[in-house]
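Here's the letter readout for the chains.
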Amino acid sequence: MGRLDLVAIEKVAKRFGSERALAGVSMELRGSSMCALLGHNGAGKTTLLGVLSTLVRPSSGKIAYRAGGKDVTGEDVRREIGMLAHQSLCYAELTAVENLELFAGLYDVRDANIDALLDKVGLDKRARHRASRTYSRGMVQRLALARALLTRPSLLLLDEPFTGLDRGGALALGEQLGEIKAQGTIVVVVTHDLEAIAGRADHVAILRRGSLVFEERGDAYSYETLKDIYHRHAN
Amino acid sequence: MKKLAVPVFSVLGAIGFVVSIYLIFMKTGLEYGVDERTGRLAGSSLFFNQKIFYFHVAQAIVLFTAVFVAGISSILFLWKRRPAFDDVASASTEVAVAFGAAVLVTGSIWAKAAWDVWWNWEPRLTMSLLLWLILVGYVLVRRFAGPSADRVAAGMAIFGMVGVPFIYTMVGADSHPPSGVNGVVLTLGKRLLPAFLASMFTFFAWFIALVLTRIQSTRDEREVRELREQGLDLGVLE
Amino acid sequence: MSLFRQAARIAWKDLRVELRSKEIVATMIFFGALLVVIYSFAFPHDDKAVRSSVPGMLWVAIAFTGTIALGRAFDRERENDTMRALLLSPVPRLAVFLGKAVAMAALVLSVAVIVTPLLALFLDAPLFDYAGELALVVVLGALGIAVIGSVFAATLLKVRSRDVLLPVILYPLLVPLFVAGTKTTAALVQVHPNTEAAWYWIRFLGIYDAAFLVLSLWVFESLVIE
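Residues numbered from 1 in each chain as written. Chains lettered and ligands numbered in written order. Predicted model: local features only at pLDDT ≥ 70, side-chain atom pairs only at ≥ 80, totals over all residues. Heavy atoms only, no water.

A. Local environment of the interface of chain A and chain B. With seven residues of chain A in contact, the opposing surface of chain B contributes nine residues. Taken together, the two surfaces of chain A and chain B that pack against each other cover about 800 Å², and 35% of this comes from carbon and sulfur. Counting across the interface, chain A meets chain B through one salt bridge. Measuring nitrogen to oxygen at the nearest pair gives 3.6 Å for the salt bridge that ties Arg15(A) to Glu226(B). When grouped by side-chain class, the residues that make up the side of chain A that touches chain B number one nonpolar, two polar and four charged. (Contact = heavy atoms within 4.5 Å. Buried area = accessible area lost by both parts, 1.4 Å probe. Salt bridge = Lys/Arg side-chain N within 4 Å of Asp/Glu carboxyl O. Nonpolar A, V, L, I, M, F, W, Y, C, P; charged D, E, K, R; others polar.)

B. Broad picture of the packing of helix α1 (residues 2-21) of chain C against helix α5 (residues 93-123) of chain C. Residues and elements named next belong to chain C. Between α1 and α5, the shortest axis-to-axis distance is 7 Å and the interhelical angle comes to 40°. By the angle class used here, α1 and α5 are oblique. Pair α1 / α5 crosses with right-handed handedness. Residues Leu 3, Phe 4, Gln 6, Ala 7, Ile 10, Ala 11, Lys 13, Asp 14, Leu 15 and Glu 18 of α1 pack against Leu 94, Ala 95, Val 96, Leu 98, Gly 99, Lys 100, Val 102, Ala 103, Met 104, Ala 106 and Leu 107 of α5. Residue composition of the contact of α1 with α5, grouped by class: 15 nonpolar, two polar and four charged. (Axes fitted to C-alpha atoms, helices over the stretch in contact; angles between N-to-C directions. Helix = DSSP H or I, 4+ residues; strand = E, 2+ residues; numbered from the N terminus. Parallel < 35°, antiparallel > 145°, perpendicular 65-115°, else oblique. Left-handed = near helix turned anticlockwise from the far one by under 90°.)

C. Broad picture of the pattern of salt bridges. Residue and element names in this part refer to chain C. In this structure the tally under the stated criterion is 33 salt bridges over all chains. In this structure, Glu 18 engages Arg 76 in a salt bridge whose closest nitrogen and oxygen atoms are separated by 2.8 Å. Here Arg 76 lies in helix α3 (residues 47-79) and Glu 18 lies in helix α1, a separation of 58 residues in the sequence. Arg 76 shares its class with Glu 18; the two are buried. (Buried < 20%, exposed > 50% of the residue type's maximum accessible area, 1.4 Å probe, protein only.)

D. Local environment of the pairing of strand β7 (residues 155-159) of chain A. All names here are of chain A. Most of β7 sits inside the fold, with five of its five residues counted as buried. Of the two faces of β7, both are covered, the one formed by Leu 155, Leu 157 and Asp 159 as well as the one formed by Leu 156 and Leu 158. Two elements, β7 and strand β8 (residues 186-190), share five bridges in a ladder whose sense is parallel. Looking at the pairing, Leu 155 lines up with Ile 186 of β8. Note on the crossover from β7 through helix α6 (residues 167-182) to β8: the handedness is right-handed. (Pairing = 2+ DSSP bridges. Right-handed = clockwise from strand over helix to strand, strands pointing away.)

None of this, on its own, says anything about what the molecule does.
What follows is the structure in structure tokens.
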């Protein structure tokens, strides 16, 4: 066990029945980096996140998770993964606190400070003991983020994390992700909101029809550069 | 070698068909029973209809085999995740659905002749029906479960296979009228055996030929899709 | 041990959600009661007819309410993609399966616990002459439906036509369970009850449940991972 510092994707391909979602993608993700995974809808970004999260088994190829040079597998990998998906991954009938308590239990996190975490993501104090069914889109997104961060993951996977947030919220989340990255976490973010990740993403990968068509590491891509790269390669 | 398999099994099936028809109609007798009133041997209620037995039982055994072929290849598919195993499972199930329909129809004809009802829940026929329903369910899942159809269907095939001993015990524990088939199997003397084996041979050859054809067509479909994807990748196709 | 603790955590979570919304139990009890009312119009009421038809009524009601409850309960895991959250967590997938199956069994059972007395009441069926045996067979039946049902409801979670496919898959596989349940009940409500036959089918059902529980534990993970 230990915090992941290298994730090596090796020729990962995935088919869903007759549909090809990924056609042999190889790349490496490193600690303290934020990879912006870009591409049109249906390019295979969500599937790649699924494979990274271990919930989609590749048809061929594999992913190696490493911590300090050692391979990590199975439940130990899952413990290190934080996920923010399209949906909240939280139970609508339970309150924010109950949801987080449940997941703290499942992840065996003993010292979880749920209130501090909810403060950090900015969920209104009065809402915390209300069923999350009653939350606005933005509040749900905050709860989902709290859930993803609860376990202090070393591999954070985010699928369109900025949708449902207003401009200010999106930029604040971008800033938080920058801090998380600085703490050594591998951050992978799928998004169309290039503004929110500008200045923080230092690794860009573009998928087109299941293939990796562009990959580059740099330091802190600006909004203009990201936009330029996206338009040159995604189409 | 592989290319030859389908024609070879088809030809074997065709020869087997001619031979089994010959044996059934020329070399086996008619069904007689002891008349209760006169105490003499007379044509039973089955008489000529008994001849359907040879095809009926052979088809039923194919149906039974297909459940296990599908179950075992589905285990291999879930384990190895190689589409080849899934192809075998789905092809044999589809073909077995057709064979199963034949089992039910011939069984029904038998029941009409033997007991004067089209369906009387005779244990073995009931078992064929239940297995057939599992296979039909499998085909429906395949057709309507979208991209994850292979997984769901594999699960159904495996659970279906494990259910076979339970279905068998269940129908066996029922105290129904003694089955006509039982009597025939017991009297399946040397004279009847060749006809029975010939029809077994015929139906298995057909089954294998059809399954191989079905597997090939699935593979071809996949290959066409892959070629199309390559074409799209290279920008040759739109 | 952590396996059972985590399974209990997941099961308790499900039951808490249901206790809060009461949606499944309330609608299924209503549906079960409606079935009983329809039965009482559709079937004759004399003692002999009731004794011979009540086992079928009971198990048809359990089959219908059970599969609908299962489908709905798993729909809840789909709403916010929470099934993914469970599978993503580091608890063994066996614990996820066991937790769901236990919660489903409780749900199916709670519906059966209401429908059975209703049948006895409205049709004056002698269902409680052998209450112990009847309770046992209903528990085993609910368990079997929950185990096999959880596997396939979880597998079908992302399939669009899951509502129609769940019964298409479950009913053919559950035929031995329904037959065993019906035969046990029939043996118990006859004019001359036959406990020996009842116990034969209870044992049959016990072995059936055990076999499919082992199989489910074995294949659950490979079925739910895409």
